[in-house]
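Chain by chain, the residues run as shown.
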There are 4 protein chains.
Amino acid sequence: MNSFGRLYRVSIFGESHGSRVGVVIDGCPPGIEITQEEIEKELARRKSGAKGTTTRKEPDIPFLASGVFNEYTTGAPVTILFENTNVRSSDYNFRAIPRPGHADFVAGKKYKGFADYRGGGHFSGRITLGLVAAGVIAKKIIKPVRVSAQLTEVGGTTDIEGAVDRAVSNNDSLGGIIECSAVNMPVGLGEPFFDSIEALIGHIIFSIPAVKGVEFGSGFKAAGMTGSEHNDPFINKDGKTATNNAGGINGGISNGNDLFFRVAVKPTSSISIPQKTINIVSGETDTLEVKGRHDACIALRIPVIVEAATALVLADLTLIHNRGEGF
Amino acid sequence: MNSFGRLYRVSIFGESHGSRVGVVIDGCPPGIEITQEEIEKELARRKSGAKGTTTRKEPDIPFLASGVFNEYTTGAPVTILFENTNVRSSDYNFRAIPRPGHADFVAGKKYKGFADYRGGGHFSGRITLGLVAAGVIAKKIIKPVRVSAQLTEVGGTTDIEGAVDRAVSNNDSLGGIIECSAVNMPVGLGEPFFDSIEALIGHIIFSIPAVKGVEFGSGFKAAGMTGSEHNDPFINKDGKTATNNAGGINGGISNGNDLFFRVAVKPTSSISIPQKTINIVSGETDTLEVKGRHDACIALRIPVIVEAATALVLADLTLIHNRGEGF
Amino acid sequence: MNSFGRLYRVSIFGESHGSRVGVVIDGCPPGIEITQEEIEKELARRKSGAKGTTTRKEPDIPFLASGVFNEYTTGAPVTILFENTNVRSSDYNFRAIPRPGHADFVAGKKYKGFADYRGGGHFSGRITLGLVAAGVIAKKIIKPVRVSAQLTEVGGTTDIEGAVDRAVSNNDSLGGIIECSAVNMPVGLGEPFFDSIEALIGHIIFSIPAVKGVEFGSGFKAAGMTGSEHNDPFINKDGKTATNNAGGINGGISNGNDLFFRVAVKPTSSISIPQKTINIVSGETDTLEVKGRHDACIALRIPVIVEAATALVLADLTLIHNRGEGF
Amino acid sequence: MNSFGRLYRVSIFGESHGSRVGVVIDGCPPGIEITQEEIEKELARRKSGAKGTTTRKEPDIPFLASGVFNEYTTGAPVTILFENTNVRSSDYNFRAIPRPGHADFVAGKKYKGFADYRGGGHFSGRITLGLVAAGVIAKKIIKPVRVSAQLTEVGGTTDIEGAVDRAVSNNDSLGGIIECSAVNMPVGLGEPFFDSIEALIGHIIFSIPAVKGVEFGSGFKAAGMTGSEHNDPFINKDGKTATNNAGGINGGISNGNDLFFRVAVKPTSSISIPQKTINIVSGETDTLEVKGRHDACIALRIPVIVEAATALVLADLTLIHNRGEGF
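Residues numbered from 1 in each chain as written. Chains lettered and ligands numbered in written order. Predicted model: local features only at pLDDT ≥ 70, side-chain atom pairs only at ≥ 80, totals over all residues. Heavy atoms only, no water.

(A) Here's a closer look at the sheet that holds strand β4 (residues 63-66) of chain B. Residues and elements named next belong to chain B. With antiparallel pairing, five strands are arranged side by side in an open sheet as β1-β2-β3-β7-β4. Where the open sheet ends on each side, the last strands, each with one partner, are β1 (3-4) and β4. As paired elements, β1 and strand β2 (residues 9-14) share two bridges and run antiparallel to each other. Note that in β2 the partner of F4 across the bridge is V10. (Pairing = 2+ DSSP bridges. Helix = DSSP H or I, 4+ residues; strand = E, 2+ residues; numbered from the N terminus.)

And the structure:
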């Protein structure tokens, strides 16, 4: 499904080498100020061009195609479009010899040969542009809550620059760890069972290409702890706790402490080192060197996407939680 | 939201100390054989009574209240009900002095004092009974795919029995790690972006109370790997790979290799060791000993729930993927 | 799908001759007072027993199985169950010789012989019990809005009693017209395009078995009018109009005038007059007399269902509309 | 909500005088041939320019922005965009003096002054362009089923041309009746209760601006009939019936006979005759002549929209019904 959210609902579309990628946001409240510049500023954070990112540079200019009038949201669906301009399709055609770790093989099978195979098609990270744009508005809805995410480790080290340098030299790629937190959280966001905060954030974060792990609070460490270590003692009437092993969530619902979770991003699949693979037509062994422009560490560009995705969930849960207020 | 799934859709309800918990399954295809006995057999796997689990014992008899006729599903919604019989509400009333790590505090705030606070109310793990029951049918829909989950670590060790013994002696509790895999996977399950396998499994697994982490394939380890290490080389035309760092998923879609993921379960919050807490009415510091019957290691009872949840996702994705077949 | 609604969401289940029918309500705000007696009182309005209704009498006792504690909703899913007690399955088994106008034929085909054919199975009007029960709570959510529906015509006449008498004497059945209105409507309920008031009310009202037509305001008459006749002139700043040809809705959104719509109910399909039909196994012509207990005019029992269905839509739209209030 | 459908799901967006209107289609199976020309041909049927339609002429060129590659659907979301080129915003600004029968008043209130008021904004019939485009693909999915709709009455007469002439001369407008049927229907489309064919078609048809009534088969006439008149006798083993009072639907499910329903369209609200209204700012009575370009009979342009909407429902139900086939 290309949609996510109940009241603040995003629908994304587009392909890496098609004409456009974009997002439609349904349920956006009226009266939120929003400009193209604000979105561009946020998008600059996911831009390529830095060391370790692809040399495919796009202007990434958001076009506000509907739902915004005189720089305010109108209450109607907000559509934001991005043209794909810097496309070199000859770089990427991997139907017969699918790239290891990529969606080439599954897309070919699932869509019976009709998938747009150019540059990863719909599976491209490029369609996260729409998420980031929708996140700019979501961040305004959830104020005073503020979400921030940082890359804290790359290739198993916190010397991120050094690790990236080495990977680039080796024609190899690296994974990384992103940490995300939200401050000024109210008590009560999250709905029972399937709309718990963990469930919804887990859902959307795992939707981001290359994410392979999500953990809240102490996460996997909690599996090795005792209850007496892990339980966070309350220290005031507002629910403030002395520790935050729960990552700000009890019973799936925000407890007023900081929301905290970590995300594992796998290394970029595209590498220029020769790799063994199979020609799925002939069945013969082959060797593949993925030429073209790609990210040595896609994790460098993901923090802003994680922030946006988190803000989308919190905006939706805020609107759902407030439903009873008028009643 | 109490519902999950698009075509095979479950809705769960109930409270720990109410009259019943249960599940309604919408979209179940007709003609699937299902008996009360089969469900009971599966439920026996999540039963309490063993060392490290609560001494609250329930018969857990599934009552097939609709959608099944002459032991076959009819195509109408399937309802399965469980009576709560062994209830001792006096054990658990934690509105003024919320238990650390529990939903008491957030439920009190979110529901403005109206939540059923007895035994955790709707936040009880008891409502996973319905998931397990719905999973029994889901497992039949996905055949020949088979899902299995095991507890592989408790409290940081693989000596699970020993660790549980110690925790029980200490009146403490322990977390654990569950590993889940699915074999005989077809190529092509999962839908682009928000219905990727990782996104949907992440969603439902994080819905299970006490889960704080989920990782697919190499998961968090992948964040420390290089692309040349992590990429799984194809070794035949069917997409079989030499390694399975991807956990059987590329681009969010099953690649025909075994699905594999790991789940971090936090230690049970209820412990009999005295804990510091706050009386949220008076604001004064207090000490709490959680009496009553509880699990020293809730992770012991979760593998069957993880299996069921996984089968629900795969059943839904199977029905969605097959939609085009008749066309 | 057995579910309807976005924030106040009902899921219904059950069969005419199964053990239970019922409803699960998700998203019900906490703190709404609700008792079994209130629901019974409302259900009494759809009860059989009067002239022209079936002689199958059921106690129709609602059992509040979850989500209600000390007579107030808790915020968790509300489940209401009804036992089926007065079942005589031998009356109705129509697989080989399907009753004209009934779902027997389509259910047999669609569900490949697995449908519960007893008493209409899941297609029974009996599963509207859950709608009525859910409507009792919805009516409280939408206060001060009040919904009321009346049967205004039967068999083409307003002499309803006389018409029913004649139909009963003739072993025949009759259709009818129900008019529904809602007063004290606010301005602004309804969401653009697919969640217009007409769309959502049309959806749920056409879900009620035997409904074959719905029209808002002047409805089909509007098709024969000019704009200068049909346009409702505003007469005050609050949007009050001199006429109400629009039925209280402009652009799919409530305009503050009374909501008004009419519903066409077809005659009950079950009649004791011999009817020509086909044995779908042998292909031979046959004659069928539908014995057993049935309604001569099902429309007599539908107004309370129409009211409940309307209240469900308005409750959902109220909660959706209020989403922005806290923001 | 701007979305409709479960498996073949459309999301629409845009405003009359914004830059673009469009549609995103999720769940479209891969391998369906589709060209811009085919869509243009269908759109020509809703075009303005004929007697009785607005003189605002737009080229209405569909731009296939995603999901189509080499003239076949890829399985990824299909996006179709239309530029708004012929915009004269000065014609329509009705915030202080709302047009009777229009959404001006409700949009102003609901969206707190932020709605795009130009030309009806999001409430414009112009956003049905996306529905028609999505319908072109849906019509291919449902083959061999064929949907067709005709305008059969205008202003209460079948002399449609004469009636429109008179209305244009009088600066007035007219409503009309559209009849829609689908042939080659299979048995079994439609899902129990809330996804009955009547419910889903009712939902989407009532979403179309200006529709005020929908009836299936004999519809409102059925309310005046007896069961012995209304029941359609089966005449062969395939469910063929001698009459079709049911409009091809029993129990909400297609019975293999032709689907048939009628739609009541109200007269266009915009008329050049002076109308009494209220200045909602000052509260004073005012007189309004709606200048600009508008349709004397919007019903002339709606049949193709009704066809498309019907095809969308049938495509979705076809994909849902086929889900079990692979199982």
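(B) Seen up close, the side chain of D60(C). All names here are of chain C. Along the chain, the position of D60 falls in the loop between α1 (36-44) and β4 (63-66). Judged by its relative accessible area of 5%, D60 falls in the buried class. A distance of 3.1 Å separates polar atoms of two side chains, one belonging to D60 and the other to R126. Setting aside anything within four residues of it in sequence, one finds D60 in contact with E40, L43, R46, K47, F82, R126 and L129. (Buried < 20%, exposed > 50% of the residue type's maximum accessible area, 1.4 Å probe, protein only. Polar contact = N/O pair within 3.5 Å; in protein donor to acceptor, adjacent residues only side chain to side chain. Contact = heavy atoms within 4.5 Å.)

(C) Representation of the pattern of salt bridges in the model. All names here are of chain A. All chains considered together, the criterion is met by 68 salt bridges over all chains. One salt bridge connects R126 with D60, and the closest N-O pair in it is separated by 3.1 Å. With R126 in the loop between α2 (104-110) and α3 (128-141) and D60 in the loop between α1 (36-44) and β4 (63-66), the pair connects residues that are 66 residues apart, well separated along the chain. We classify R126 as buried; its relative accessible area is 8%. Connected through shared salt-bridge partners, E42, R45, K139 and E307 make up one network. (Salt bridge = Lys/Arg side-chain N within 4 Å of Asp/Glu carboxyl O.)

(D) How the structure looks around the relation of the copies chain B and chain C. Rotating chain B by 180° and translating it 0.0 Å along the rotation axis places it on chain C, where the RMSD comes to 0.0 Å. Both chain copies can therefore be described as sitting about a two-fold axis. (Least-squares fit on C-alpha atoms with pLDDT ≥ 70 in both.)

(E) Highlighting the interface of chain B and chain C. Taken together, the contact pairs 34 residues of chain B with 34 residues of chain C. Together, the buried faces of chain B and chain C total about 2,900 Å²; carbon and sulfur atoms form 66% of this surface. One can count zero salt bridges joining chain B with chain C. Viewed at the interface, chain C and chain B are joined by four residue pairs in polar contact (both at pLDDT 80 or more). For the side of chain B that touches chain C, the secondary-structure elements that each account for two or more residues are β2, β3 (20-26), β4, β6 (72-73) and β7 (78-83) of chain B. Residue classes in the side of chain B that touches chain C are distributed as 16 nonpolar, 12 polar and six charged. (Buried area = accessible area lost by both parts, 1.4 Å probe. Nonpolar A, V, L, I, M, F, W, Y, C, P; charged D, E, K, R; others polar.)

(F) Expanded view of the packing of aromatic side chains. The full count for this structure, using the stated rule, is 30 aromatic pairs over all chains. Aromatic pair F216(A) and F206(B): ring centres 5.1 Å apart, planes at 90°, arrangement edge-to-face. Here the residue F216(A) occupies a position in strand β10 (residues 211-216), and F206(B) occupies one in helix α5 (residues 197-207), the pair thus bridging two chains. For the pair shown, F216(A) and F206(B) are each scored as buried. (Phe/Tyr/Trp six-rings, centres within 6.5 Å; stacked < 30°, edge-to-face > 60°.)

(G) Geometry of unusual backbone geometry. Residues K143(A) and P144(A) are joined by a peptide bond in cis, for which omega reads 10°. By secondary structure assignment, the location of P144(A) is in the loop between α3 and β8 (146-154). Positive phi values are uncommon outside glycine, yet N184(C) reaches one of about 65°. When you line up the elements, N184(C) lands in the loop between β9 (176-183) and α5 (197-207). Residue classification places N184(C) among the partly exposed positions, given a relative accessible area of 44%. A positive phi angle is found at A210(D), which is not glycine, with a value near 90°. Considering the arrangement of structural elements, one finds A210(D) in the loop between α5 (197-207) and β10 (211-216).

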